[in-house]
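A closer look at the structure
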Amino acid sequence: MPFKFENLKVWHASLDVADAIDAVAMTFPNHELYSLTSQIKRAADSVSLNIVEGSTGQSNAEFKKFLGYSNRSALEVVGALYLAKRRSYVDEIQFNELYQQIEILVKMIQALINSLKD
């Protein structure tokens, strides 16, 4: 029997974002390993992990709370991407592709939040 989160399109989209961020973060310079590289990867992973944690059969209000955490983590990834772009670790094309992917994910998270009754 699958867990509830396994049927959520938003969870699958969050995994795609985490994979894309992981791939680009691996190209950051070594001196960023314990700072920006770690931060952006943890934030990207946190999006999907909060969806999982919030979907554990608790109340809709509790699920909304964790979806809010996911949303904030996604925005943290965007902030880290801006830093990576300013430091020339990602080019404009990479930045725009990742930004668009995260923008779609944030809209999906928000739509799920809006669909849940209190």
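Attention in this report is confined to the structure presented alongside it.

Let us look at the packing of helix H3 (residues 60-86) against helix H4 (residues 92-115). Contact geometry of H3 with H4 gives a least axis separation of 10 Å together with a crossing angle of 170°. Regarding the angle of H3 to H4, the classification is roughly antiparallel. Residues that form the contact of H3 with H4 fall into these classes: 16 nonpolar, four polar and three charged.

Okay, the side chain of Ser55 next. Among the secondary structure elements, Ser55 is positioned in the loop between helix H2 (33-54) and H3. There is a polar contact of 3.0 Å between the side chain of Ser55 and the backbone oxygen of Val52.

Let us now look at H4. For H4, built from 24 residues, the straight-helix expectation of 34 Å at 1.5 Å per residue is met to within 8% by its first-to-last C-alpha distance of 34 Å. For H4, the set of buried residues is Phe95, Leu98, Ile102, Leu105, Val106, Ile109, Leu112 and Ile113. Two or three places before Ile93, at the opening of H4, Asp91 has a side-chain oxygen 3.1 Å from that residue's backbone nitrogen.

This part covers the packing of aromatic side chains. Throughout the structure, instances matching the rule amount to seven aromatic pairs. It is Lys85 that lies over the ring of Phe95; its NZ or CZ is 4.2 Å from the centre.

Our focus in this paragraph is unusual backbone geometry. The phi angle at Ser88 is positive, at roughly 65°, despite the residue not being glycine. Along the chain, Ser88 falls in the loop between H3 and H4.

This part is about the pattern of salt bridges. Tallying each qualifying case throughout the model produces four salt bridges. Note that Lys41 is salt-bridged to Asp22, the shortest N-O span being 2.7 Å. Of the two residues, Lys41 sits in helix H2 while Asp22 sits in helix H1 (residues 9-25), which places them 19 residues apart along the sequence. Looking at Asp22, the relative accessible area reads 32%, which means it is partly exposed. Between Lys65 and Glu62 there is a salt bridge, with its nearest N and O atoms 3.4 Å apart. Of this pair, Lys65 and Glu62 both sit in helix H3, separated by three residues, roughly a single helical turn. Overall, Lys65 belongs to the partly exposed group, its relative accessible area being 37%.

Scoring rules and cut-offs
- Residues numbered from 1 in each chain as written.
- Predicted model: local features only at pLDDT ≥ 70, side-chain atom pairs only at ≥ 80, totals over all residues.
- Heavy atoms only, no water.
- Axes fitted to C-alpha atoms, helices over the stretch in contact; angles between N-to-C directions.
- Helix = DSSP H or I, 4+ residues; strand = E, 2+ residues; numbered from the N terminus.
- Parallel < 35°, antiparallel > 145°, perpendicular 65-115°, else oblique.
- Nonpolar A, V, L, I, M, F, W, Y, C, P; charged D, E, K, R; others polar.
- Polar contact = N/O pair within 3.5 Å; in protein donor to acceptor, adjacent residues only side chain to side chain.
- Expected span 1.5 Å × (residues − 1).
- Buried < 20%, exposed > 50% of the residue type's maximum accessible area, 1.4 Å probe, protein only.
- Phe/Tyr/Trp six-rings, centres within 6.5 Å; stacked < 30°, edge-to-face > 60°.
- Lys NZ or Arg CZ within 6 Å of the ring centre and 35° of its normal.
- Salt bridge = Lys/Arg side-chain N within 4 Å of Asp/Glu carboxyl O.

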